[in-house]
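Below, each chain spelled out in residue letters.
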Amino acid sequence: MGSTETVLSVLVLVLLGYILKLLGVLREEDASTLNRLVINVAIPSLIFTSLYRADLSGISDLVLIPVICMITGTLSGTIAYLWARRRGLDSGKTWGLTVAAAMMNSGFLGYPVTAGIFGSEGLVRAIFYDTGTTLMFTSLGLLLSHLSGGEGSRIMKRAVFFPPLWAFLLGVTFNLWGLPTGIAGTILGYLSGAAVPLIMISLGLTLNFRFLRHSVADATLVSGLRLLISPVMAAGISYVLAFRGLNFSVTVLEASMPSAMLAAVLAIENDLDVDLVSSCIFMSTILSLVSLPLWSVVL
């Protein structure tokens, strides 16, 4: 499937979710249920199945991919933080912009787009990249918890028991040790097939214009960081690390993803400006439907 066809398919599924919300078939609140199903069942199944079947002979190079994710996310978040401080924004807005710029939707949107363009081998690299996003989520959660004087145990517990992380570890372990999966492998294969449509429909349910009105300038900055600056930085770092071919292409494409929906989770749990973070997620997601096809052509 070509890049244009892939992104068009993604767009249609996202619009389907939005239309189902407009028609009253599903509600925006239903996205929470779908997200739990995706995060706890569908995505772990997809991750395990993909890694179990993959050729991991070059794993020494693959482990550098999440490092690039974390460096790129840290740089983007730092730029957003400095922008907010220069504007004299309060703490809730400042850190809201920071997490929205630092965390990319490398799983929810990155998996289907990367798999559609680069196939199963590309998806494996996207999974490694998304592991970096998980580590970013944990690090930012612990930092924000510390700054607010709260306990970081909840974030750490969530990270330790995060199903996609365990699926990653088990998928790599079963692959490298050649362990059989039996009937469980077949079941996980069926469940993994539900990941992409559920992800896209859930994303469509969360699209909401009402937050954007008072946050256009800040959301535009974050969108520029996520969709334009971040992939350029990832390309530079990848080049220095001698990444070539598929490793380079997938790393840059994943770095060009919009703000992660997990950024809203951090905003809610740490009393940040949730409306501002939602605006950044919404605008960057909409604009990514234009930018992603362009990046896929370049790559």
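Residues numbered from 1 in each chain as written. Predicted model: local features only at pLDDT ≥ 70, side-chain atom pairs only at ≥ 80, totals over all residues. Heavy atoms only, no water.

A. Local environment of the packing of aromatic side chains. Summed over the entire model, instances satisfying the criterion amount to four aromatic pairs. Their ring planes at 50 degrees and their centres at 5.2 Å tell us that Tyr81 and Trp95 sit as a pair that is tilted. Of this pair, Tyr81 sits in helix α4 (residues 65-86) while Trp95 is found in helix α5 (residues 91-102), placing the two residues 14 residues apart along the sequence. Summarising the aromatic geometry, the rings of Phe128 and Phe168 are spaced 4.9 Å apart at their centres and angled 80 degrees between planes, so their arrangement reads as edge-to-face. Note that Phe128 is positioned in helix α6 (residues 110-147) and Phe168 in helix α8 (residues 163-177), a separation of 40 residues in sequence. For Phe128, a relative accessible area of 2% puts it in the buried group. (Phe/Tyr/Trp six-rings, centres within 6.5 Å; stacked < 30°, edge-to-face > 60°. Helix = DSSP H or I, 4+ residues; strand = E, 2+ residues; numbered from the N terminus. Buried < 20%, exposed > 50% of the residue type's maximum accessible area, 1.4 Å probe, protein only.)

B. Spatial organisation of unusual backbone geometry. With a phi angle near 65 degrees, Ala242 is a residue other than glycine that sits in the positive phi range. Relative to the helices and strands, Ala242 resides in the loop between α11 (216-240) and α12 (245-255). Its relative accessible area of 52% is what places Ala242 among the exposed residues.

C. Representation of the packing of α5 against helix α14 (residues 274-298) within the structure. Between α5 and α14, whose axes approach to 9 Å, the crossing angle comes to 25 degrees. By the angle between their directions, the pair α5 and α14 is classed as roughly parallel. Where α5 crosses over α14, the handedness of that crossing is right-handed. Mapping the contact onto sequence places Lys93, Gly96, Leu97, Val99 and Ala100 in α5 and Leu276, Val277 and Cys280 in α14. Taken together, the residues of the contact of α5 with α14 sort by class into six nonpolar, one polar and one charged. (Axes fitted to C-alpha atoms, helices over the stretch in contact; angles between N-to-C directions. Parallel < 35°, antiparallel > 145°, perpendicular 65-115°, else oblique. Left-handed = near helix turned anticlockwise from the far one by under 90°. Contact = heavy atoms within 4.5 Å. Nonpolar A, V, L, I, M, F, W, Y, C, P; charged D, E, K, R; others polar.)

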